[in-house]
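The lines below spell out each chain.
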Protein chains: 2
Amino acid sequence: MAADGRGMRWWGWGDPAHHAPLPAHAVAWLEREIGLEREPRRPVGIEEVRLRPPALPEGVRARLEAIVGASAVCDDREARVLHAAGKGYPDLVRLRAGDAESAPDAVVWPASHEQVAAVLEASAAAGVAVVPFGGGTSVVGGVEPWRGEFGALVALDLGRLSAFVGLDERSQLALVEPGMRAPDLEAALAERGHTLGHFPQSYEYLTIGGAVATRSAGQASTGYGRIDELVKGVRMAAPAGELDLPARPASAAGPDLRELLVGSEGVLGVITQVALRVRPRPIQTRYEGWMLPSFALGVEALRLLAQENAAPDVARLSDEDETRMAFALAGRGGLKGDLARRYLHARGVEAGCLFVAGWEGEPERVRSRRTAGAAILGRCGAVGLGRSPGQAWARGRFHAPYLRDDLLDRGVMVETLETATTWGNLHALYRAVGDALRAHAPLVACHVSHLYATGASLYFSFLARQQRGAELEQWRGAKHAACQAIVAAGGTITHHHAVGRDHAPYLAAEDGELGLEALRALKARLDPAGIMNPGKLLPPATPASADRSG
Amino acid sequence: MAADGRGMRWWGWGDPAHHAPLPAHAVAWLEREIGLEREPRRPVGIEEVRLRPPALPEGVRARLEAIVGASAVCDDREARVLHAAGKGYPDLVRLRAGDAESAPDAVVWPASHEQVAAVLEASAAAGVAVVPFGGGTSVVGGVEPWRGEFGALVALDLGRLSAFVGLDERSQLALVEPGMRAPDLEAALAERGHTLGHFPQSYEYLTIGGAVATRSAGQASTGYGRIDELVKGVRMAAPAGELDLPARPASAAGPDLRELLVGSEGVLGVITQVALRVRPRPIQTRYEGWMLPSFALGVEALRLLAQENAAPDVARLSDEDETRMAFALAGRGGLKGDLARRYLHARGVEAGCLFVAGWEGEPERVRSRRTAGAAILGRCGAVGLGRSPGQAWARGRFHAPYLRDDLLDRGVMVETLETATTWGNLHALYRAVGDALRAHAPLVACHVSHLYATGASLYFSFLARQQRGAELEQWRGAKHAACQAIVAAGGTITHHHAVGRDHAPYLAAEDGELGLEALRALKARLDPAGIMNPGKLLPPATPASADRSG
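Residues numbered from 1 in each chain as written. Chains lettered and ligands numbered in written order. Predicted model: local features only at pLDDT ≥ 70, side-chain atom pairs only at ≥ 80, totals over all residues. Heavy atoms only, no water.

1. What to know about the relation of the copies chain A and chain B
For the pair chain A and chain B, the superposition axis carries a translation of 0.0 Å, the fit reaches an RMSD of 0.0 Å, and the rotation angle comes to 180 degrees. Look at the turn and shift together and you get a two-fold axis relating the two. Taken together, the interface assignments show that 100% of the residues at the interface of chain A recur at the interface of chain B, consistent with an identical surface on both copies. (Least-squares fit on C-alpha atoms with pLDDT ≥ 70 in both. Contact = heavy atoms within 4.5 Å.)

Structure below.
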């Protein structure tokens, strides 16, 4: 049984048929900036990938087959390799080198809440670890098949639990199964004149359950709200039983349990249904570019946009380095033309920062918000670049992960990480993380992409030539330095990538030791055998095992 | 030590100097509708109130005095009676009759986070129950000194922990201690050009910590957001240690622990500091009245206002019965004049529903939102009544609790309760709760006062002549019928009054048995001795003890 009709490269990102190699000028620029491998470093063939023999006891397998059907339990090479990792940089480094030693012993495809509950019960009884698997797009080790104390592990693929259950148009609520892919949901909603408005970079492969379990934020979340703001009801199958929290607009009935299930990353149970707030589809979308004289002035503009109710739905401000990199990689199609450069020079923003703004909705509201927004941007020295940079961004908005595969072929370490903090602390955090990363990578770029009244996110990309034979150590060095800087400077350890295994060691800095203990108490009650997604979210008992080694 | 300079009637609501007796025409109308007592039924004198001798062991008292200072531990009659109950109808019935048997054995006033932590540690060690006490305005038994298994109980009054810590203007964040009263906070913010915008009916006595602990919503929360949307950071002292969650605009770092502390109602620990999102003070406020032809059309208008981004900051739609009651009680000062009646009759809304709308903010935004809102109201058949009904509502917005004291004098049972649900379910819930209440009270009124994209709140008031000698049984009958109807019709058991003791028996219907178990696991970890606010929020182990008897 394949995950579904939309295949994914087992060693990289996305549709195997999609080829988007770097253009020659971009290769030349990167060669100058960081140095590239002369010979492409291609992934091994799938038949060369190293797998351990499946370790699922025969009796357990028979029990699972009785629950979900014999064809819905697979341990063939392709199924196991496709569920052996997410899509983080270390995942791809390992897979391309043929390492899938930790692949699940089997993949199980339940088709209902009841089947999920029965699989969890059988797995808990047999001491088999369970990794819930949606789109498999985690970049923080969230679906890594880490066995912990268990002898066997299954991936629970939610691809068959993917129905659009229904739309309550009056209440603007859609009921959706967790394995539904975001584009399928948008298509189902579009037929009914609605949209969810949730478009992370992983959109094409994202499942709704995965988005909810990881507190996802999308490119338009400044306007439409993060997934935690869009989720109004959740149903979960936990090993200890069912949690069913139907959609309620608001309540004062004690602590909000929904906020415990959102972001639970599969460690408490499996989300089997969600109620999502939807909206009428936007009649108009207007994406455009602006140049700000500096990152500092750009951040000031963003703050005013957010606090004066004028924020666009999509708001992305690149810092000077990211702007320079974007123009270099875009080549002559970007703003590199002499004419464009002379115009920006004349306006004093030649070495400035690119801001992409997208307003969506009903035309009168787009117009009035854009007018207010443009006035604020003007006060901060922004120069309008018209629609073309905005439209160019929108065309390529889901393409960056493909680019990464090409960069890996060329021996480049390329990774991203993100954080958020208050407006008052944003510059200190920006400097601290940038400085930490520049000690490990010659190219470090940053953008702000999610605005709130009280603060904003920071999204860093960094590139360096791979250290051959020490790729994972190199990555760990840079990642650890950045995480330490984030924690020390008061940022959140993750704004929208989630915790997974990579950030688990830093969660105590965020929630405190007692906060972690509270989460552990909760997990012990819902998952007494501890089979759910071991090693994710909560730091393991021994610090040594928190190290995500290759 | 007095709670603070702003005294509160021990047997009723508010400033002892404030007298607002019902006008003669209102008395006559109530006499016709439900019947009133001829002779006023006044509360007993404070010296007649029955108290048990203080049961705090001498050693514990000495320990607490060592922590907070000798003058900050009191067991005099006034302190104990003032902390013997909240301000719910059954609380006042008991207090007025001289019953304060369950009053705390002492009242303790800590002045810092560290003192709170030390008091909790000492109390846990000695097996003394602790009831955190802010403004004491709970109407659901949230501060009832219920001892449970413990031999002694102290009220922890937060009146000394009431500083305005600071304002981060750039991040629109204010740092506040929990005992600060809402009017003091607004005054401190006003000096700095800001507002929180949180105005529940209890505003004059509300403390910020109490609002956070009970998931409060205020009269302007449709515009400014509920307290759970305004709280960005929380610090808590729990018996097991400290939880410190500083302000973060957003995060994907796992379940949101802040959402566990918000609404925790003192059963996990004591909130010792909060970071609140504030805004610039509104330059303009425009409150006005409209008449809708019917409640059904009014609800339709509210839904469109909420879903088309045109909701006023204050939005209150009375149903036909509440409108009729409001006009009857307001007398000629309301809309009873012959001229006004003829006008409404001519427009077809004479027997309609009053809608109070308040727009606040910067003039251009008030204008544009009001224009959009007025267009929607017009589509639904609303007739504008001008500013005077809005201003009249604003003048009396905090007065209803005073009225209740007068009604109790006249032998009237008067109580309110509230719920919320999706727009699609709103009418079914409205009918179910109304029908349940009408079996117990001749006067039942309802309004919608909080709008969300996916649904709205319903707030019911009901009045009946008291059954002498069986006042509490009478109240329990009505309350239970309404709660059962809410649960059966899919509403939340409380939209903004919190759970306390009164709603605890119904929480399982909301969170499920496993949800309650999850909360119990959390409480066991943070409060291992179970001393924190026993009997609140979580239903007690034995169903019998859940009954809040007199």
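Here the narrative resumes, following the displayed structure.
2. Topic: the interface of chain A and chain B
With 71 residues of chain A in contact, the opposing surface of chain B contributes 71 residues. A combined buried area of about 5,700 Å² lies between chain A and chain B, and 60% of that area is made up of carbon and sulfur atoms. Linking chain A with chain B are six salt bridges. One salt bridge in this structure joins Arg248(B) and Glu510(A), with 3.7 Å as the shortest N-O distance. For the interface between chain A and chain B, the tally reads 24 residue pairs in polar contact (both at pLDDT 80 or more). Among the elements of the structure, strand E9 (241-245), helix H10 (258-261), helix H11 (295-307), strand E16 (412-422), strand E18 (455-465) and helix H19 (507-526) of chain A are those that each provide at least two residues to the side of chain A that touches chain B. The leading source of residues in the side of chain A that touches chain B is H19(A), at 12 residues. Of the residues in the side of chain A that touches chain B, the class split is 29 nonpolar, 23 polar and 19 charged. (Buried area = accessible area lost by both parts, 1.4 Å probe. Salt bridge = Lys/Arg side-chain N within 4 Å of Asp/Glu carboxyl O. Polar contact = N/O pair within 3.5 Å; in protein donor to acceptor, adjacent residues only side chain to side chain. Helix = DSSP H or I, 4+ residues; strand = E, 2+ residues; numbered from the N terminus. Nonpolar A, V, L, I, M, F, W, Y, C, P; charged D, E, K, R; others polar.)

3. Points about the pattern of salt bridges
For the structure on display, the rule yields 72 salt bridges over all chains. Among the ionic pairs, Arg525(A) bridges to Glu517(B), the shortest N-O distance being 3.2 Å. Here Glu517(B) lies in helix H19 (residues 507-526) and Arg525(A) lies in helix H19, a pairing that spans two chains. Accessibility expressed as a relative area gives 28% for Arg525(A), which makes it partly exposed. For Glu517(B), a relative accessible area of 26% puts it in the partly exposed group. (Buried < 20%, exposed > 50% of the residue type's maximum accessible area, 1.4 Å probe, protein only.)

4. Regarding the sheet that holds strand E2 (residues 106-108) of chain A
Residues and elements named next belong to chain A. Pairing in this open sheet of four strands is mixed, and the strands run E1-E2-E4-E3 from one edge to the other. The open sheet is flanked by strand E1 (73-74) and strand E3 (128-133), the only strands paired with a single partner. Two strands pair when backbone bridges link them, and E3 and strand E4 (residues 152-157) are joined in this way by six bridges, in the parallel orientation. Looking at E4, one finds that valine 130 is bridged to valine 154. Of the strands in this sheet, E2, E3 and E4 touch helix H5 (residues 113-126), which is tilted by about 150 degrees from E3. (Pairing = 2+ DSSP bridges. Axes fitted to C-alpha atoms, helices over the stretch in contact; angles between N-to-C directions.)

Honestly, it's all geometry; don't read function into it.
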